[in-house]
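Chain residues, written in single-letter form:
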Amino acid sequence: MTRLVDLDDLTGLERAWTELECLRAIRAVDPELRHAIERRLDELGPAIAEPIRASLDEMHPEIVLEAHFKTLVVDTPSLGAIRRGRAG
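All values reported here derive from a predicted model rather than from experimental measurement.

**Student:** Describe in detail the side chain of Arg 34, supporting the description with residues and values.
**Tutor:** Locating Arg 34 in the fold gives a position in helix H2 (residues 31-43). A residue is classified by how much of its surface remains accessible, and Arg 34, at 8% relative accessible area, is buried. At a separation of 2.8 Å, a polar atom in the side chain of Arg 34 contacts the main-chain carbonyl oxygen of Leu 56. Setting aside chain neighbours within four positions, we find Arg 34 in contact with Arg 27, Leu 56, Asp 57 and Pro 61.

As structure tokens, then:
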């Protein structure tokens, strides 16, 4: 989202700077996990991915992963499940 900032309005400029600093700080937390989540979001449809992508700019990546675990983690059968399927 893009918002205009009046450079003559000191209060608005300070608020914008504070928001940018908060965004920078959130994006600096656990960059590897954030990158992995973003890679997975690239595989999902925009309707599903965009709300999750927006929450990455508001919360710690671990919280985003926990909140959207079933969407982000692919449900694949384990080796044990495959072996049990062959035996039965």
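So that's the structure; there's more coming.
**Student:** Provide a residue-level description of unusual backbone geometry, including the pertinent values.
**Tutor:** We note that Asp 30 has phi near 45°; this positive angle belongs to a residue other than glycine. By the secondary structure assignment, Asp 30 is in the loop between helix H1 (10-28) and H2. Classification of Asp 30 by relative accessible area gives partly exposed; the value is 27%.

**Student:** Which residues make up H1, and what values go with them?
**Tutor:** Under the 1.5 Å per step criterion, the end-to-end length of H1 is 27 Å for 19 residues, consistent within 8% with the ideal 27 Å. Just past H1, the residue Asp 30 takes up positive phi, approximately 45°.

**Student:** Please provide a residue-by-residue account of the environment of Thr 76, values included.
**Tutor:** Relative to the elements of secondary structure, Thr 76 occurs in the loop between helix H5 (69-72) and helix H6 (79-87). With relative accessibility at 54%, the residue Thr 76 sits in the exposed group. Sequence separation between Thr 76 and Leu 23 is 53 residues; the distance between their C-alpha atoms is 34 Å.

**Student:** Before we move on, could you go through the pattern of salt bridges and cite the residues and values that matter?
**Tutor:** Taken as a whole and assessed by the stated rule, the structure comprises 7 salt bridges. Across the pair Arg 34 and Glu 38 runs a salt bridge whose closest N-O atoms are separated by 3.4 Å. In this pair, Arg 34 and Glu 38 are both assigned in helix H2, 4 residues apart and thus about one turn of the helix distant. For Glu 38, a relative accessible area of 23% translates into the label partly exposed. The partner of Arg 34 in a salt bridge is Asp 57, and the shortest N-O contact between them spans 2.7 Å. Residue Arg 34 is found in helix H2, and its partner Asp 57 is found in the loop between helix H3 (46-56) and helix H4 (61-67); the two are separated by 23 residues along the sequence. The class for Asp 57 is partly exposed, based on a relative accessible area of 25%. It is possible to trace a salt-bridge network through shared partners that takes in Arg 27, Arg 34, Glu 38 and Asp 57.

Calculation rules
- Residues numbered from 1 in each chain as written.
- Predicted model: local features only at pLDDT ≥ 70, side-chain atom pairs only at ≥ 80, totals over all residues.
- Heavy atoms only, no water.
- Helix = DSSP H or I, 4+ residues; strand = E, 2+ residues; numbered from the N terminus.
- Buried < 20%, exposed > 50% of the residue type's maximum accessible area, 1.4 Å probe, protein only.
- Polar contact = N/O pair within 3.5 Å; in protein donor to acceptor, adjacent residues only side chain to side chain.
- Contact = heavy atoms within 4.5 Å.
- Expected span 1.5 Å × (residues − 1).
- Salt bridge = Lys/Arg side-chain N within 4 Å of Asp/Glu carboxyl O.

From the geometry alone we can't say anything about function, so treat these as descriptive.
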